[in-house]
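# Commentary on secondary and tertiary structure
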Amino acid sequence: GSPQEPMEGASSPFEPVPSSADGWTAPSAHGAGRAQEQAPETAGGPEHDQQQAGGQEPPSGLVPEDWQEQLERLVREKEELTHQLVRLQADFDNFRRRQRWELERSVDEAIGRLAARMLQVVDVPDPLPAPETLRTPERMPASEPLESLGLLPTIDWAAGFRETWQVGEAAAHRRLEWFLRNAVEDYHALRDRPDLDATSRLSPHLQHGEITPRQIWHATLRHSKGKWTKGVEHFLREVGWREFAYHILYHHPYTQTRALRSEFDSFPWSEVETPAYKAWTRGRTGVPMVDAGVRQLWRIGWMHNRTRMIVASWLTKNLLHHWRLGEAWFWDTLVDADPASNVLGWQWTAGCGADAAPYFRIFNAVIQGRKFDPDGAYVRQWVPELANLPTQYIHAPWEAPESVLRQAGVALGKDYPYPQEPLDTSRERALQMLEQWAKR
Ligand SMILES: Cc1cc2nc3c(=O)[nH]c(=O)nc-3n(C[C@H](O)[C@H](O)[C@H](O)COP(=O)(O)OP(=O)(O)OC[C@H]3O[C@@H](n4cnc5c(N)ncnc54)[C@H](O)[C@@H]3O)c2cc1C
């Protein structure tokens, strides 16, 4: 009989048989496959049936006990070796990543020191004086009345803008003064905290020409009486980033639409506005720090730099969508939308821009949240449906026990979505794809 249809009276190779005195035993579960492979050679035919009935040969599918033990030991060893190999591979990958991180950090630090020294010797010209007169045409050309163009939206989606921003040159200078008096000294320590009002928020004013980098530079040094405190240095370095963005765009104009690191032009990012992309634009990814950032942007037209990096990393890495999709969304929604800084920020985060080897930098939105929004105030402000969650769970509501969710009035999957998949899964997938690509 075939191994699949055991003969009547004979032991099935698939059923465990206790060891017998004659030293034969049935294969174990591990051995079953091997017994099956061998079966066609040893089983079948009347001659073989006879041997099973009383001859010297072992019954079909049975092997000597010591072979059996050896086989089982070998299978166990093979499994153990396979585990060790997998662990070794994971350790090696982590080691390589750590090494790259460390290398990158030391390069960053060296660049930081260099930038600090360069900042202090760079000669930033004084701002130009305001023009004494502005000549306007004596006779204005005929034109349609502005209202007739119907530029104002029927739905007032800009209410949050008006509540947040004061428009104009005077307002820009007032904000700079406020920042210098209240925040510049701690800028280096607090600039990554989206829950605090600790950065200058001058970007919309700069973008609309209401204040200039030279004015900011000289006013800051006047305020510090020429002292390069840590806060002053970090702040002016950021103002320098804006210049760097223009430098890149000027010398590499193709970066407006294509990667600075051209090997990433063919990276298989999705360019389709998938449901995951749409959920991202609406702040409904299920990852609080990402959703808070995107909702802040929608409401006030501005997002903190730390959260810009987190949401951009989520879209381009965890969701593997093209940086151009995110860049276009920012372009449509930011009040400081800037052709150079926006592209620089997106390409930097996506890993295809002006940075040493950043493709493996994937922001973990939960860890980032716990570090930079330690009390959860930022998430509570922009994702109010989670406001009553204890701080311990505010950045990862899916980790909260059912009773805690109930007490906080949160029905996950109803009031607030679950993430599409575990964060580690999407992170690992992105890492592997990016690593493969960078080797090409
Ligand atoms: C994905 C992404 C997209 C971005 N898009 C834009 C954009 O469209 N327009 C824009 O002005 N900035 C952009 N940035 C840079 C940065 O996020 C903003 O300039 C900053 O958040 C503005 O807030 P602030 O004025 O309080 O900055 P502060 O921290 O007070 O910095 C002072 C000024 O320095 C400049 N600056 C600071 N950081 C950067 C930076 N990383 N790159 C270039 N300039 C910088 C800005 O002009 C800013 O106003 C982007 C960053 C990322 C990661």
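This part covers the overall build of the protein. In terms of regular secondary structure, the protein is built from 19 helices and two strands. Across the 440 residues in the protein, those meeting the buried criterion constitute 42%. Taking the intrachain contacts of the protein between residues at least 6 apart in sequence as the baseline, contacts between residues at least 24 apart amount to 71%. On the protein, roughly 25900 Å² of surface is accessible, and the fraction owed to carbon and sulfur atoms is 54%.

All right, on to the pattern of salt bridges then. Counted under the stated rule, the structure contains 20 salt bridges. In this structure, Arg-242 and Glu-243 form a salt bridge, with 3.5 Å as the shortest nitrogen-oxygen distance. Among the ionic pairs, Arg-258 bridges to Asp-265, the shortest N-O distance being 3.6 Å. By relative accessible area, Asp-265 is classed as partly exposed at 35%. Several salt bridges converge on common partners, so that one network encompasses Arg-175, Asp-197 and Arg-201.

Close contacts around the ligand come from 27 residues, with Tyr-187, Thr-199, Ser-200, Arg-201 and Asn-305 the closest. In the environment of the ligand, an oxygen atom lies 2.6 Å from a nitrogen or oxygen atom belonging to the side chain of Thr-199. Here a nitrogen atom of the ligand sits 3.4 Å away from a polar atom, N or O, in the main chain of Arg-242. For the ligand, whose accessible area on its own is 820 Å², the fraction buried by protein is 95%. Those elements that provide at least two residues to the shell around the ligand are helix 7 (203-207), helix 9 (230-251), helix 12 (305-318) and helix 14 (339-350). Among the elements that take part in the shell around the ligand, helix 9 stands out by supplying five residues, more than any other.

A separate point is the packing of aromatic side chains. Across all of its chains, the model carries 15 aromatic pairs by this definition. Judged by centre distance (6.3 Å) and plane angle (65°), the rings of Trp-165 and Trp-302 are edge-to-face. Here Trp-165, found in the loop between helix 4 (159-164) and helix 5 (169-182), pairs with Trp-302, found in the loop between helix 11 (288-300) and helix 12; they are 137 residues apart in sequence, far enough to count as distant. When sorted by exposure, Trp-165 lands in the same class as Trp-302, which is buried. With centroids separated by 4.6 Å and ring planes inclined at 50°, the aromatic side chains of Phe-179 and Phe-235 adopt a geometry described as tilted. Placement of the pair is Phe-179 in helix 5 and Phe-235 in helix 9, with a sequence separation of 56 residues.

We now examine unusual backbone geometry. Located in the positive-phi region is Arg-201, a residue other than glycine, with phi close to 55°. Summarising the element assignment, Arg-201 is placed in the loop between helix 6 (187-190) and helix 7. You will see that Leu-320, though not glycine, has its phi angle at about 50°, which is positive. Examined against the element boundaries, Leu-320 turns out to sit in the loop between helix 12 and helix 13 (323-333). With a relative accessible area of 10%, Leu-320 lands in the buried category.

Before going further, it helps to examine helix 11. The terminal C-alpha atoms of helix 11, which comprises 13 residues, lie 18 Å apart, in line with the 18 Å expected from a rise of 1.5 Å per residue. The buried fraction of helix 11 is high, at eleven of 13 residues. Among all positions of helix 11, only Pro-288, Met-289, Val-290, Asp-291, Ala-292, Gly-293, Val-294, Arg-295, Gln-296, Leu-297 and Ile-300 are buried. With its phi angle positive at about 75°, Gly-301 sits one or two positions after the end of helix 11.

Within the element layout of this structure, His-322 appears in the loop between helix 12 and helix 13. For His-322, a relative accessible area of 5% translates into the label buried. Within the structure, His-322 has its side chain in polar contact with the backbone nitrogen of Arg-324 (distance 3.0 Å). Those residues within four positions of His-322 in sequence are excluded, and the remaining contacts are Trp-269, Ser-270, Glu-271, Leu-315 and Thr-316.

What follows concerns a nonpolar patch on the surface. Together, Leu-103, Val-107 and Ile-111 line one region of the surface with nonpolar side chains, adding up to about 260 Å² of accessible area. Within the secondary structure, Leu-103 is located in helix 3 (residues 65-121). What makes Leu-103 exposed here is its relative accessible area of 55%.

A separate point is the nonpolar core. In terms of nonpolar packing, the biggest core is built from 64 residues, with Phe-264, Trp-269, Trp-280, Val-290, Phe-330, Leu-386 and Leu-389 touching the most fellow members. Judged by nonpolar contacts, the second largest core, of 20 residues, contains Ala-172, Phe-179, Val-184 and Trp-217.

Within the secondary structure, Asp-186 is located in the loop between helix 5 and helix 6. Considering only alpha carbons, one finds Asp-186 and Lys-230, 44 residues apart in sequence, at a separation of 8.1 Å.

Where helix 9 meets helix 14, the axes come as close as 8 Å, and the angle between the chain directions of the two elements is 90°. If you check the angle between helix 9 and helix 14, you find them roughly perpendicular. In contact with Trp-241, Arg-242, Phe-244, Ala-245, Tyr-246, Ile-248 and Leu-249 of helix 9, helix 14 contributes Pro-339, Ala-340, Ser-341 and Leu-344. For the contact of helix 9 with helix 14, the per-class residue count stands at nine nonpolar, one polar and one charged.

Here we take up the confidence of the model for the protein. Averaged over every residue, the pLDDT of the protein is 84; residues scoring 70 or more account for 85%. Counting contacts from residues 1-55, a segment whose pLDDT is below 50, to residues more than four positions away or on other chains yields 55 contacts.

Another point: helix 14. Given a rise of 1.5 Å per residue, twelve residues ought to cover 16 Å, and the 17 Å separating the end C-alpha atoms of helix 14 matches this to within 8%. The N-capping residue of helix 14, defined by a side-chain oxygen 2.9 Å from the backbone nitrogen of Ala-340, is Asp-338. Residue Gly-351 follows helix 14 closely and has a positive phi angle near 95°.

Rules and cut-offs
- Residues numbered from 1 in each chain as written.
- Predicted model: local features only at pLDDT ≥ 70, side-chain atom pairs only at ≥ 80, totals over all residues.
- Heavy atoms only, no water.
- Helix = DSSP H or I, 4+ residues; strand = E, 2+ residues; numbered from the N terminus.
- Buried < 20%, exposed > 50% of the residue type's maximum accessible area, 1.4 Å probe, protein only.
- Contact = heavy atoms within 4.5 Å.
- Areas by Shrake-Rupley, 256 points an atom, 1.4 Å probe, with all protein chains shown as cover.
- Salt bridge = Lys/Arg side-chain N within 4 Å of Asp/Glu carboxyl O.
- Near = heavy atom within 4 Å.
- Polar contact = N/O pair within 3.5 Å; in protein donor to acceptor, adjacent residues only side chain to side chain.
- Phe/Tyr/Trp six-rings, centres within 6.5 Å; stacked < 30°, edge-to-face > 60°.
- Expected span 1.5 Å × (residues − 1).
- Patch = residues over 30% accessible without salt bridge, like charges linked within 9 Å, V, L, I, M, F, W, Y side chains within 5 Å.
- Core = buried A, V, L, I, M, F, W, Y, C linked by side-chain atoms within 4.5 Å.
- Axes fitted to C-alpha atoms, helices over the stretch in contact; angles between N-to-C directions.
- Parallel < 35°, antiparallel > 145°, perpendicular 65-115°, else oblique.
- Nonpolar A, V, L, I, M, F, W, Y, C, P; charged D, E, K, R; others polar.
- pLDDT = per-residue confidence, 0-100.

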